[in-house]
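Residue-level listing of the chains:
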Amino acid sequence: MADERVETCLTCESAVGFGSSQSLGSPGSHETPTGRFGSMGAAPRSEAQQVPEGETRLVGTAEPNGSKDAAPPLLHAPRAARVGNRRLTLAAFLGALAALAAVVVAGLVVADAATATDFSMKNLAPSFAHPFGTDWMGRDMLLRTLAGLSTSVLVGLLAAGVSSIIALVMGAVAALGGKKADAAVTWLIDLMLGIPHIVLLILISFALGKGFWGVTIGVAVTHWPSLARVVRAEILQCKQSTFVAAARRLGQTPLRIAAKHMVPYVLPQFIVGLILLFPHAILHEAAVTFLGFGLPPEQPAIGVILSESMAYLSAGMWWLAVFPGLALIATVLLFDLAGSSLRKLVDPHSAQE
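Numbers given for residues are sequential positions, taken from 1 along each chain in its written order. Per-residue local features are limited, in this predicted model, to residues with pLDDT of at least 70; the limit for side-chain atom pairs, both in listing and counting, is 80 or more; totals at the level of whole chains, interfaces and linings are taken over all residues. Calculated side-chain values reflect all of the structure's heavy atoms, with hydrogen atoms and water omitted.

Student: Which residues make up the overall build of the protein chain, and what are the values?
Tutor: Note on conventions: DSSP H or I runs of at least 4 residues are helices, E runs of at least 2 residues are strands, and numbering of each starts at the N terminus. Scanning the protein chain from terminus to terminus reveals 14 helices and zero strands. Secondary structure elements of the protein chain occur, N-terminal to C-terminal, as α-α-α-α-α-α-α-α-α-α-α-α-α-α. Summary of the burial criterion: residues with accessible area below 20% of their type's maximum are buried, those above 50% are exposed, and those between are partly exposed, where the area comes from a 1.4 Å probe applied to protein chains only. Residue burial in the protein chain is summarised as follows: out of 353 residues, 37% are buried.

Student: Account for the side chain of T134, naming residues and giving values.
Tutor: Turning to its location among the elements, T134 is positioned in the loop between α5 (111–114) and α6 (141–176). Definition of a polar contact: a pair of N or O atoms within 3.5 Å, with one able to donate and the other able to accept a hydrogen when the atoms are protein atoms, and with sequence-neighbouring residues admitted only if both atoms are side-chain atoms. Reaching out from T134, the side chain makes a polar contact with the backbone oxygen of M121 at a distance of 2.6 Å. Within the local environment of T134, its side chain forms a polar contact with the backbone nitrogen of L124, the two atoms lying 2.8 Å apart. Should any heavy atoms of two residues lie within 4.5 Å, those residues are counted as being in contact. Apart from residues no more than four positions distant in its own chain, T134 is found in contact with M121, K122, N123, L124, R139, D140, M141, W319 and L320.

Student: How would you sum up the packing of helix α4 (residues 85–109) against helix α14 (residues 319–346)? Please name residues and give values.
Tutor: Axes here refer to lines fitted to C-alpha atoms; in helices the fit is confined to the stretch in contact. Angles between the N-to-C directions go from 0 to 180 degrees. One can describe the packing of α4 onto α14 by two numbers: an axis separation of 8 Å at closest approach and a directional angle of 145°. For the crossing formed where α4 meets α14, the hand is left-handed. Where α4 approaches α14, its residues R86, T89, L90, A92, F93, A96, L97, A99 and L100 are matched on the opposing element by T331, L334, F335, L337, A338, S341, L342, K344 and L345. For the contact of α4 with α14, the residue count by class is 13 nonpolar, three polar and two charged. Two helices that cross are described as forming a left-handed crossing if the nearer one is turned anticlockwise from the farther one by less than a right angle, and a right-handed crossing if clockwise. Any residue outside Ala, Val, Leu, Ile, Met, Phe, Trp, Tyr, Cys, Pro, Asp, Glu, Lys and Arg is labelled polar, Gly included; the first ten of those are nonpolar and the last four are charged.

Student: So what's going on with the side chain of T216? Residues and values would help.
Tutor: With respect to the secondary-structure elements, T216 resides in helix α9 (residues 211–222). Of the polar contacts made by the side chain of T216, one reaches the backbone oxygen of F212; its length is 2.7 Å. Dropping the residues within four chain positions of it, T216 is found in contact with V155, L158 and A159.

Student: How would you summarise the UniProt feature "transmembrane region" (unreviewed entry) in the protein chain if you had to cite specific residues and measurements?
Tutor: UniProt positions are given in the numbering used here, feature names are shortened, and annotations may be inferred rather than shown by experiment. Here the UniProt feature "transmembrane region" (unreviewed entry) sits at residues 88–111, 146–175, 187–206, 212–231, 270–295 and 315–335. Strand forms 0% of residues 212–231 and helix 90%; the C-alpha atoms that close the span are 29 Å apart. A distance of 29 Å separates the end C-alpha atoms of residues 270–295, which is 81% helix and 0% strand.

Student: So what about the packing of helix α12 (residues 254–290) against α14? Which residues, and what values?
Tutor: It is the contact of α12 with α14, at a shortest axis distance of 8 Å, that shows an interaxial angle of 170°. The orientation of α12 with respect to α14, classified from their angle, is roughly antiparallel. Here P268, I271, V272, I275, L276, F278, P279, I282, L283 and A286 of α12 lie close against α14, whose contacting residues are L328, T331, V332, F335, D336, A338, G339, S340, L342, R343 and V346. Here the contact of α12 with α14 is composed, by residue class, of 16 nonpolar, three polar and two charged. Relative orientations are named as follows: roughly parallel for angles under 35 degrees, roughly antiparallel for angles over 145 degrees, roughly perpendicular for angles from 65 to 115 degrees, and oblique for any other angle.

Student: With reference to specific residues and values, describe α6.
Tutor: To estimate the expected span of a helix, subtract one from its residue number and multiply by 1.5 Å. A rise of 1.5 Å per residue sets the reference length of α6, with its 36 residues, at 52 Å; its end C-alpha atoms lie 51 Å apart and thus fit the reference within 8%. Put simply, D140 is the residue that caps the front of α6, since its side-chain oxygen is 3.0 Å from the backbone nitrogen of L142. Taken from the residues just after α6, G178 is the one with a positive phi, measuring 100°.

Student: Outline the environment of D140, supporting the account with residue identities and numerical values.
Tutor: Counting through the fold element by element, D140 comes out in the loop between α5 and α6. In sequence terms D140 and N123 are 17 residues apart; their C-alpha atoms lie 9.8 Å from each other. D140 has contacts with A129, H130, G133 and T134, leaving out every residue within four places of it along the chain. Separated by 2.6 Å, the side chains of D140 and H130 make a polar contact. Within the structure, the side chain of D140 is placed 3.1 Å from the backbone nitrogen of L143, a separation counted as a polar contact.

The following block contains the structure:
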């Protein structure tokens, strides 16, 4: 019985990799086993630290008298606690959405104050009372910038939503409608991509009488081809996959295959493409308005602000263009951050980035 207990003690200490000299060598020898583990071997035990015969004890546990054995270096130390990549990505996505929502709400709240004039406060440089300065009519540029960004974001949301629906329909028709439908949609996509966006957008906006609806419809009609190509490619790849072929052989209807397999396969890329349409829509709306074919001058918009500030830059009023331009770039970067973060969250190929 005692021999079995001694054998158990030898097995435990040899499994840990560190032990007394008695567990690895001859009795009474205090030589450290450096042949197998090099410099990682434990220091020799004293007689008070020897494991009594018949007792099994892990290395590093407390002795019966309350003292603690000197623990050897750990082979596999636990990794330091850190925040996961997905949590950081989700936080970035939610933070970008919260910032964009704050911009829209703030612009709607200060819409009336953004048009208030005070000629006694005109052409003031940036200060604590007016962080973005004032223009030639005494209007606060910070309030005008917030109102203009709110208008641009609303135009981008509406235009990108309509454009994404067009892209989804066109991509589905091209992928599921046969060779003739695919050829027709592909030809239309190539035609739209062959015309510069800004030129086609100006023509559509001018034909519709400019204004809010003219520029919104123009942006919506001209921004769907790229997303339609992505949707078409994703549907074709899903259509030729093995799990769809297995579903057909099992007798599932085309409607069930589309709802159960194709929609979950295409939806992540579609949502990411929808969000990434927003910065393009906002920039093109600002560009068309800057050129005079978009929103009217009396309506606060970034394009209107930048267009009006061009006449005063030579007079040294740099703040009329710099701060609104930086605010527009920051808004576009927020949309880009939201889109890239969402892509990392929903795309399995980039889930661990």
